[in-house]
Amino acid sequence: MKTAAETEKEFDNFMAQLAFTRVSHDVGASPNFKNADYVNKYKNIIIELKVLEKEFFPSGGVIDSLNSFIIQPVDIDDRGIGQYKFTLPNKNREGKHDNFEEPLRRIIKKANTQIRETKNHYFGSEPALGFVILAQTGLQSLSANVTAQVVRKILNQEFSSID
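Residues numbered from 1 in each chain as written. Predicted model: local features only at pLDDT ≥ 70, side-chain atom pairs only at ≥ 80, totals over all residues. Heavy atoms only, no water.

Caption draft 1: Region of the structure containing the environment of His25. Of note, His25 is situated in helix 2 (residues 23–27). For the pair His25 and Thr113, spaced 88 residues apart in the sequence, the C-alpha separation amounts to 19 Å. (Helix = DSSP H or I, 4+ residues; strand = E, 2+ residues; numbered from the N terminus.)

Caption draft 2: Representation of the pairing of strand 6 (residues 72–76) in the model. Note that strand 6 and strand 7 (residues 82–85) share four bridges and pair antiparallel. Paired with Asp75 across the two strands is Gln83, which belongs to strand 7. Hairpin geometry of strand 6 and strand 7 is characterised by an intervening segment of five residues between the two adjacent antiparallel strands and by a positive phi of about 85° at Gly80. (Pairing = 2+ DSSP bridges.)

Caption draft 3: Expanded view of the packing of aromatic side chains. Under the counting rule described, the total for this entry stands at three aromatic pairs. With a centroid separation of 5.4 Å and an interplanar angle of 70°, the aromatic rings of Phe56 and Phe100 are classed as edge-to-face. Taken as a pair, Phe56 in the loop between strand 3 (45–52) and strand 4 (61–63) and Phe100 in the loop between strand 7 and helix 3 (101–123) lie far apart in primary sequence, 44 residues in all. You can call Phe100 buried: its relative accessible area is 0%. Aromatic side chains Tyr122 and Phe123 sit 5.9 Å apart centroid to centroid with 40° between the ring planes, which places their arrangement in the tilted category. Comparing Tyr122 with Phe123, the two get one shared label, buried. The structure contains a cluster of three or more aromatic residues connected by ring pairs, namely Phe56, Phe57 and Phe100. (Phe/Tyr/Trp six-rings, centres within 6.5 Å; stacked < 30°, edge-to-face > 60°. Buried < 20%, exposed > 50% of the residue type's maximum accessible area, 1.4 Å probe, protein only.)

Caption draft 4: The packing of helix 3 against helix 4 (residues 144–157), seen in detail. Interhelical geometry of helix 3 versus helix 4 gives an angle of 60° and a closest axis separation of 10 Å. By the criterion of interaxial angle, the relationship of helix 3 to helix 4 is oblique. Relative to helix 4, the crossing made by helix 3 is right-handed. For the pair formed by helix 3 and helix 4, the contact residues are Glu101, Leu104, Arg105 and Ile108 on the first element and Thr147, Val150, Val151, Ile154, Leu155 and Gln157 on the second. (Axes fitted to C-alpha atoms, helices over the stretch in contact; angles between N-to-C directions. Parallel < 35°, antiparallel > 145°, perpendicular 65-115°, else oblique. Left-handed = near helix turned anticlockwise from the far one by under 90°. Contact = heavy atoms within 4.5 Å.)

Caption draft 5: Quick peek at the sheet that holds strand 8 (residues 129–136). The strand order 1-2-3-8 describes an open sheet built from four strands, whose pairing is mixed. Only two strands of the sheet have a single partner each, and these edge strands are strand 1 (21–22) and strand 8. The pairing of strand 3 with strand 8 spans eight bridges and is parallel. From the neighbouring strand, Lys50 faces strand 8, where its bridge partner is Leu134. Running at roughly 155° to strand 3, helix 1 (residues 4–17) makes contact with strand 1, strand 2 (38–40), strand 3 and strand 8 of the sheet.

Caption draft 6: Molecular detail of the nonpolar core. Ile46, Phe57, Ile63, Phe100, Leu104, Ile108 and Leu142 are the most contacted members of the largest nonpolar core, which totals 25 residues. Looking at this core, the elements that each hand over two or more residues are strand 3, helix 3 and helix 4. A per-element tally of this core places helix 3 first, with six residues. Excluding anything up to four places from it in sequence, Ile46 contacts Ala36, Tyr38, Val39, Ile115, Thr118, Lys119, Tyr122, Phe123, Leu129, Gly130 and Phe131. Of all hydrophobic cores here, the second largest spans ten residues; its members include Phe11, Met15, Leu49 and Val51. (Core = buried A, V, L, I, M, F, W, Y, C linked by side-chain atoms within 4.5 Å.)

Caption draft 7: How the structure looks around helix 3. Here helix 3 contains 23 residues, and its C-alpha end-to-end distance of 32 Å stays within 8% of the 33 Å for a straight helix at 1.5 Å per residue. Gly124 sits one or two residues past helix 3 and shows a positive phi near 55°. (Expected span 1.5 Å × (residues − 1).)

Treat this as a map of the structure, not an account of what it does.
Written as structure tokens, this is what we have:
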């Protein structure tokens, strides 16, 4: 598994090829606003990278908004037959047994704030686009497609700075 720092370095190289610069190169490491990671000043685009490196389902769990549960293998043969485990998580602040959507919502909420404040810093009232990239490096129990389904549900409800 790659570390967040390794993933960010790879994205730095990739984003530079697309004419994006690191916001921290322009404003320094500790600006007076919550900054996103990348900016393309010519196309008015802001991008925030979030690395999902935490495993939210070490003992299985629930994704309430998808009406699904995640099981973890314990002792499985090569045919997929064996013992799996599943632990019902404690209720979250919404009273649901979901151990993924709320932490993911907090990550997206932070990205939304960083994008909004970076848009304001660079472009003021000019139109600009903001995107969040979620790099799923340590969350092994979910496919990226499942994570994307939860993200779509979250983005349909709120977060106006993320296009």
